[in-house]
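Below, each chain spelled out in residue letters.
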Amino acid sequence: MTAKDPTYTAKDGEAVIYLAGGCFWGMEKYMEGIPGVLDVVSGYANGKGCEPVSYEEVCRGGTGYKETVRVLYDPKRVSPETLLFAFFRAIDPSQRDRQGNDVGTQYQTGIFYTDAASEAAARRVAEIERERAENGFYVLIEPLRIFHEAEEYHQNYLTKHPNGYCHVRPEEIAEASGLKIDAGRYVRPSDEELKKRLTERQYAVTRKNATEAPFVNEYFGNTARGLYVDAATGEPLFSSSDKYQSSCGWPAFTKGIDENVLIYKEDLSHGMRRTEVRSRAGDSHLGHVFTGDRESPNGTRYCINSAALRFIPYEDMDKEGYGELKKYV
């Protein structure tokens, strides 16, 4: 037990981080489905006074407590970066004291860390997510000061009441439970390092949102078996199994190897309304995704710049460190 969290005793082989993501009912259900997460508990964090803390007092305002979940995880199976990228996927960081239909200071989002490693991960991920945010960034990044477990009827609420409201959508919960690729292995280099590592065209595409010429790019006609990874970080993105020959002039895929590694943004440039696709850990511009494509086996076309990718042939995947993904190729 600690003074900061009197209801938790640290154990060997597990790590902890505290996440305030709006209503704790949905955030608890969402995080507990991620592979490598051991336990999730709803509670109240970083407020003052009114001890013991009650839901009614927190909802009245003035205490400063935020609805927060304590996430215990196995660091050998999942990194804090993966948990944090998943956290940002389920919240709107541009909202202050609000998530979905829930309004009040208790719904303020935040990441509360307890050690140097989780602080470093929080700040690294938050820096990338801050760059992605277009309408402000209001997520608190601070040390945990105090955490109290919520009342028993709040624990596992959505398991007990499957139709209960929460801003975290069921589709997002299912997506997170299917997470295959850990983000902690793919750290984005500094901008200076990327300029040295990437070609001029690769840098222009991944960092400046440029588009390369159709048909004459490196992987448009590639039919070899293998894995396509982010040119900037090496994070796995697409499998040759999901690549098809499209008349668009760029590499085309029906889906990503793990939906959690793809980030979507509305793109209104050039007088069009499109959906941009970016990478999770590197925040690299990859291309765009379209629906209703008659050439695609499933109607979806991920139209991706070759310059944003690096191809790993199937026979090289083991030595390149991607052997565990051969079953998807």
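All values derive from a computational prediction rather than experimental measurement.

Colleague: How do you make sense of the packing of helix H3 (residues 80–90) against helix H4 (residues 116–132) when you look at a structure like this?
Modeller: Where H3 meets H4, the closest approach of the two axes is 9 Å, and the angle between their N-to-C directions is 35 degrees. The hand of the H3/H4 crossing is right-handed. Within the contact between the two elements, H3 uses Pro80, Glu81, Leu84, Phe85 and Phe88 and H4 uses Ala121, Ala122, Arg124, Val125, Ala126, Ile128, Glu129 and Arg132. Its residues placed into classes, the contact of H3 with H4 shows 9 nonpolar, no polar and 4 charged.

Colleague: Explanation requested: the packing of aromatic side chains in the structure shown.
Modeller: Between two aromatic rings, the relevant description is the distance of the centres plus the angle of the planes. Following the criterion strictly, the structure yields 12 aromatic pairs and no others. Between Tyr219 and Tyr228, the aromatic rings sit 5.6 Å apart at their centres with planes inclined by 80 degrees, giving edge-to-face as the arrangement. With respect to burial, Tyr219 and Tyr228 carry one shared label: buried. Aromatic pair Phe238 and Phe253: ring centres 4.4 Å apart, planes at 15 degrees, arrangement stacked.

Colleague: Just to check I follow, could you spell out the sheet that holds strand S9 (residues 226–230) for this structure?
Modeller: Each strand in a sheet pairs with its neighbour through backbone hydrogen bonds, running either in the same direction (parallel) or in the opposite one (antiparallel). Ordered by their spatial adjacency, 3 strands build an open sheet running S10-S9-S17, and the pairing between neighbours is antiparallel. Because the sheet does not close on itself, it has two edges, and the strands there are strand S10 (236–239) and strand S17 (309–313). Direction aside, the axes of adjacent strands within the sheet are offset by 30 degrees on average. Relative to S17, S9 is paired through 5 bridges, and the arrangement is antiparallel. Each bridged residue has a counterpart across the sheet, and for Leu227 the counterpart in S17 is Ile312.

Colleague: Help me understand the sheet that holds strand S16 (residues 300–304), please; the structure alone is not making it clear to me.
Modeller: With respect to topology, 6 strands assemble into an open sheet ordered S11-S12-S16-S15-S14-S13, the strand pairing being antiparallel. The sheet is open, and its two borders are formed by strand S11 (243–244) and strand S13 (262–267), each paired with just one other strand. Both S13 and strand S14 (residues 274–279) contribute to a ladder of 6 bridges, which runs antiparallel. Each bridged residue has a counterpart across the sheet, and for Asp267 the counterpart in S14 is Arg274.

Parameters and conventions
- Residues numbered from 1 in each chain as written.
- Predicted model: local features only at pLDDT ≥ 70, side-chain atom pairs only at ≥ 80, totals over all residues.
- Heavy atoms only, no water.
- Axes fitted to C-alpha atoms, helices over the stretch in contact; angles between N-to-C directions.
- Helix = DSSP H or I, 4+ residues; strand = E, 2+ residues; numbered from the N terminus.
- Left-handed = near helix turned anticlockwise from the far one by under 90°.
- Contact = heavy atoms within 4.5 Å.
- Nonpolar A, V, L, I, M, F, W, Y, C, P; charged D, E, K, R; others polar.
- Phe/Tyr/Trp six-rings, centres within 6.5 Å; stacked < 30°, edge-to-face > 60°.
- Buried < 20%, exposed > 50% of the residue type's maximum accessible area, 1.4 Å probe, protein only.
- Pairing = 2+ DSSP bridges.

Coordinates in, geometry out; function isn't part of it.
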